[in-house]
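Descriptive analysis of the structure
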Amino acid sequence: KRTQLSSDKERYTTGERVTVFARLYDQNFIPLKETSAQGSYLAQAAPGTAAGARQDVQMRAVPDQPGMYRGDFVASEPGGYRFSVAGDAKTVLDFSVIKPKFELGATAMNEPLLKEMARVAGGAFFREEDLATLPEKLSEKDERISRVVDADLWASPFYFLLMFGLVTTEWILRKKYKLK
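Residues numbered from 1 in each chain as written. Predicted model: local features only at pLDDT ≥ 70, side-chain atom pairs only at ≥ 80, totals over all residues. Heavy atoms only, no water.

Our focus in this paragraph is the overall build of the chain. Looking only at helices and strands, one finds 3 helices and 8 strands in the chain. Helices and strands in the chain line up, N terminus first, as β-β-β-β-β-β-β-β-α-α-α. In terms of C-alpha radius of gyration, the chain reaches 38 Å, well past the compact-globule figure of 16 Å for 180 residues. Taken along the three principal axes of its C-alpha coordinates, the chain extends 125 × 50 × 40 Å. When the 180 residues of the chain are sorted by exposure, 17% land in the buried category. Contacts in the chain between residues far apart in sequence, at least 24 positions, make up 52% of those at least 6 positions apart. As presented, the chain carries roughly 14,600 Å² of accessible surface, and 56% of it is formed by carbon and sulfur atoms. (Helix = DSSP H or I, 4+ residues; strand = E, 2+ residues; numbered from the N terminus. Rg over C-alpha atoms; globule rule 2.2 N^0.38 Å. Buried < 20%, exposed > 50% of the residue type's maximum accessible area, 1.4 Å probe, protein only. Contact = heavy atoms within 4.5 Å. Areas by Shrake-Rupley, 256 points an atom, 1.4 Å probe, with all protein chains shown as cover.)

Moving on, we get to the nonpolar core. Core analysis: the largest hydrophobic core is formed by 19 residues, its most contacted members being Val18, Val20, Met59, Phe73, Phe83, Val85 and Phe95. If you tally residues by element for this core, the top one is strand β3 (residues 17–24), at 4 residues. Excluding residues that lie within four positions of it along the chain, methionine 59 makes contacts with Val20, Phe21, Ala22, Thr35, Ser36, Ala37, Gly39, Tyr69, Arg70, Gly71, Phe83 and Val85. (Core = buried A, V, L, I, M, F, W, Y, C linked by side-chain atoms within 4.5 Å.)

We now examine the sheet that holds strand β1 (residues 3–7). Strand order in the open sheet formed by 8 strands is β1-β3-β6-β5-β4-β7-β8-β2, and the pairing between neighbours is mixed. Looking at which strands have only one partner, the edges of the open sheet turn out to be β1 and β2 (11–13). Here the strands of the sheet are splayed against their neighbours by 30° on average, with no regard to which way each runs. Taken together, the 3 bridges between β2 and strand β8 (residues 88–98) define a ladder with parallel strand orientation. Bridge assignment links arginine 11 to a residue of β8, and that residue is serine 96. (Pairing = 2+ DSSP bridges. Axes fitted to C-alpha atoms, helices over the stretch in contact; angles between N-to-C directions.)

Glancing now at the pairing of β8. Sheet topology places strand β7 (residues 79–85) next to β8; 7 bridges connect them, and they run antiparallel. By the bridge assignment, arginine 82 is partnered in β8 with aspartate 94. Taking the residues between adjacent antiparallel strands as the criterion, β7 and β8 are bridged by 2 residues, where glycine 87 takes a positive phi near 100°.

With that out of the way, let us pick up the packing of aromatic side chains. Counting across every chain of the model gives 7 aromatic pairs. Summarising the aromatic geometry, the rings of tyrosine 41 and phenylalanine 73 are spaced 3.9 Å apart at their centres and angled 10° between planes, so their arrangement reads as stacked. With tyrosine 41 in strand β4 (residues 36–43) and phenylalanine 73 in strand β6 (residues 68–74), this residue pair connects regions lying 32 residues apart in the sequence. Side by side, tyrosine 41 and phenylalanine 73 carry an identical accessibility label, which is buried. These aromatic residues form a ring-pair network of at least three members: Tyr12, Tyr41, Phe73, Tyr81, Phe83 and Phe95. (Phe/Tyr/Trp six-rings, centres within 6.5 Å; stacked < 30°, edge-to-face > 60°.)

Attention now goes to unusual backbone geometry. Although it is not a glycine, phenylalanine 29 sits at a positive phi angle of roughly 60°. In this fold, phenylalanine 29 is placed in the loop between β3 and β4. Unusually for a residue other than glycine, aspartate 64 sits at a positive phi of about 65°.

Once that is clear, we can look at the environment of arginine 60. Tracing the chain through its elements places arginine 60 in strand β5 (residues 55–61). Taking relative accessible area as the criterion, arginine 60 reaches 54% and is therefore assigned exposed. In sequence terms arginine 60 and serine 36 are 24 residues apart; their C-alpha atoms lie 4.4 Å from each other.

Below, the structure is given as structure tokens:
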């Protein structure tokens, strides 16, 4: 093929930078030596929606790699995308863009949210460097917690001793009066 397209990933999230590489050859399969090439992408239409407009992407030559060009753009909408290079509409690169999944994203601490959660719950927010003050703060709070524990009568020690006493008394009486 005279045009070879690739990207750094097959799936992107919205707002992420898409990097596309193109290896371009002339009619004699000699790598092109221009400083730039023109590419474009089209957001494929989701069912029931209109197709997006074709967006141009300026691709610059990669140094020390004849015929290799690199272009990038930001994927703003989720869906399927098709990328092609000017002059070769038959060769396309398909990739998809999805909405970000925040539970798998950045895990940096959100301190304002944590402080607000602690305030609403009636607690306190501590940073790692403030943990030395934690025992003092805990000792300041003295709360009595009472709870009712339902215990079955048959599982209590009193019931056991009562049954043991009755059986022992019966045994002693049977021995005393020589009953079988």
